[in-house]
Amino acid sequence: MKSSLYSQLIILFTLLMPVFSCHGDMPILRFNVTPQGFPPYVISKPPAGIMFDVLSHIAQKQGYKLVAERIPENRVYLLLDGGELDAHASALEWVESPQKYAFTDPVLKVRDVVFTRKDSALNYQTVKDLWGHSVGVHTGYSYQSLTEYFKSGKITRIDSNNELYLLQMLAKERLDVAVITEHVGLWLIKKNNIKADFSIAKNAVDTTEYRLVFSKKWQGFIEAFNKELALMKSNGHLKEILYRYR
């Protein structure tokens, strides 16, 4: 009896082995979540975020195993060029020599918007409404609509590499205005349970189409990605992902 049972187990294991082997041999797609991430678009630990979830869904449907890499921004394109990294979330405008790479269709729009305290008299409609004010922005970020006014001194630029700090400064009335990516600001307010009341201007300061950038050898995958992305937009799946991070 024991021998018969043992034989049956061996047969069962032999039948299942190709399944495990096949799963283990799935091609890998290496996506950069960066050490700090860009919540809620890309979250480093554990890997998550809007862009990660979209790519994970499509990669799985195309038979790829998504692997998160934590590569600093200053090394991303070096590793893409060398084939040590496959994909990174970015925009055409943020990439030096974008012609070297292949881009997906826009996944969503990144809107840099004006956050103010609800008791503020400022009603932002155009950039001129910011003249004479101190405006908190992210260190190193370029704001096309604001650049000339920062240079001329019509708007005072206050930099921080931490949007949460900008919101805290705004709440304490140490800033007049904070210009923050809309989803980022809403995510931080929710995650940190910030009690201060903020208003968000309807008109964006700048709007950028956020995509995934690959090396050109991934062009075939990108075509499949774009078809799946269009389906996600039409069937409500992308909206479901966005809702998770609001």
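Our subject is the structure listed above.
What you see is a predicted model; the values in this text were computed from it and never measured.

Parameters at a glance
- Residues numbered from 1 in each chain as written.
- Predicted model: local features only at pLDDT ≥ 70, side-chain atom pairs only at ≥ 80, totals over all residues.
- Heavy atoms only, no water.
- Helix = DSSP H or I, 4+ residues; strand = E, 2+ residues; numbered from the N terminus.
- Rg over C-alpha atoms; globule rule 2.2 N^0.38 Å.
- Buried < 20%, exposed > 50% of the residue type's maximum accessible area, 1.4 Å probe, protein only.
- Contact = heavy atoms within 4.5 Å.
- Axes fitted to C-alpha atoms, helices over the stretch in contact; angles between N-to-C directions.
- Left-handed = near helix turned anticlockwise from the far one by under 90°.
- Nonpolar A, V, L, I, M, F, W, Y, C, P; charged D, E, K, R; others polar.
- Polar contact = N/O pair within 3.5 Å; in protein donor to acceptor, adjacent residues only side chain to side chain.
- Salt bridge = Lys/Arg side-chain N within 4 Å of Asp/Glu carboxyl O.
- Core = buried A, V, L, I, M, F, W, Y, C linked by side-chain atoms within 4.5 Å.
- Phe/Tyr/Trp six-rings, centres within 6.5 Å; stacked < 30°, edge-to-face > 60°.
- Arc of directions from axis to C-beta.

**Some remarks on the overall build of the protein**
For step 1, the next point in the chain: Each helix and strand counted, the protein has 8 helices and 10 strands in total.
For step 2, the next point in the chain: Against the compact-globule benchmark of 18 Å for 246 residues, the protein has a radius of gyration of 23 Å, which places it well outside the compact range.
For step 3, the next point in the chain: Structurally, the protein occupies a C-alpha span of about 85 × 40 × 35 Å along its principal axes.
For step 4, the next point in the chain: For the protein, with 246 residues in total, the buried portion stands at 44%.
For step 5, the next point in the chain: Expressed as a percentage of contacts within the protein between residues at least 6 apart in sequence, the contacts between residues at least 24 apart total 72%.

**Some remarks on the packing of helix H2 (residues 50-61) against helix H8 (residues 237-244)**
For step 1, the next point in the chain: Where H2 meets H8, the axes come as close as 9 Å, and the angle between the chain directions of the two elements is 145°. In this structure, the crossing between H2 and H8 has a hand that is right-handed. Of the residues in H8, those touching H2 at Ile50, Asp53, Val54 and His57 are His237, Leu238, Ile241, Leu242 and Arg244.
For step 2, the next point in the chain: In the contact of H2 with H8, the residues fall into 5 nonpolar, 2 polar and 2 charged.

**Regarding helix H5 (residues 163-171)**
For step 1, the next point in the chain: Buried residues of H5: Glu163, Leu164, Leu166, Leu167, Met169 and Leu170, and no others.
For step 2, the next point in the chain: Buried residues belonging to H5 abut strand S5 (108-117), strand S6 (134-138), strand S7 (156-160), strand S8 (177-181), helix H6 (182-191) and strand S9 (198-200).
For step 3, the next point in the chain: With a side-chain oxygen lying 2.8 Å from the backbone nitrogen of Leu164, the N-terminal cap of H5 falls on Asn162.
For step 4, the next point in the chain: Downstream of H5 by a residue or two, Glu173 has a phi angle that is positive, lying close to 65°.

**Examining the pattern of salt bridges**
Two side chains carrying opposite charge are able to pair once their charged atoms lie near each other.
For step 1, the next point in the chain: With the rule as written, the count across this model stands at 8 salt bridges.
For step 2, the next point in the chain: Glu228 is the partner of Lys61 in a salt bridge, and the nearest nitrogen-oxygen pair spans 3.1 Å. Note that Lys61 is positioned in helix H2 and Glu228 in helix H7 (residues 219-235), a separation of 167 residues in sequence.
For step 3, the next point in the chain: We classify Glu228 as buried; its relative accessible area is 14%.
For step 4, the next point in the chain: Its salt-bridge partner being Asp119, residue Arg117 comes within 3.6 Å of it at the nearest N-O pair.
For step 5, the next point in the chain: By relative accessible area, which is 60% here, Asp119 ends up exposed.

**Quick word on the nonpolar core**
For step 1, the next point in the chain: Counting residues in each nonpolar core, the largest one holds 51 residues, and the members touching the most others are Phe31, Tyr41, Met51 and Leu55.
For step 2, the next point in the chain: Looking at which element gives the most residues to this core, the answer is H2, with 7 residues.
For step 3, the next point in the chain: Look past the residues within four positions of Tyr41 in its chain and what remains in contact with it is Ala48, Gly49, Ile50, Met51, Phe52, Leu108, Val110, Thr181, His183, Val184 and Tyr210.
For step 4, the next point in the chain: If you look at the next biggest cluster of nonpolar residues, it comprises 16 residues, including Leu122, Leu130, Val137 and Ile155.

**Quick notes on the packing of aromatic side chains**
For step 1, the next point in the chain: One pass over the full model with this rule turns up 15 aromatic pairs.
For step 2, the next point in the chain: A ring pair is formed by Tyr77 and Tyr101, whose centres lie 5.3 Å apart and whose planes are at 55°; its orientation type is tilted. Of this pair, Tyr77 sits in helix H3 (residues 76-82) while Tyr101 is found in the loop between strand S3 (87-90) and strand S4 (102-103), placing the two residues 24 residues apart along the sequence.
For step 3, the next point in the chain: Consider the rings of Trp131 and Tyr149, whose centres lie 5.5 Å apart with planes at 50°: the pair is tilted. Here Trp131 is found in the loop between S5 and S6, whereas its partner Tyr149 is found in helix H4 (residues 147-152), with 18 residues between them in sequence.

**Considerations on H8**
For step 1, the next point in the chain: Every buried residue belonging to H8 is among His237, Leu238, Ile241 and Leu242, and all of these are buried. For H8, the angular spread of buried residues about the axis comes to 140°, placing them on one side. Among the exposed residues of H8, those pointing more than 90 degrees away from its buried face are Lys239 and Tyr243.
For step 2, the next point in the chain: Buried residues belonging to H8 abut H2, S5, H6 and H7.

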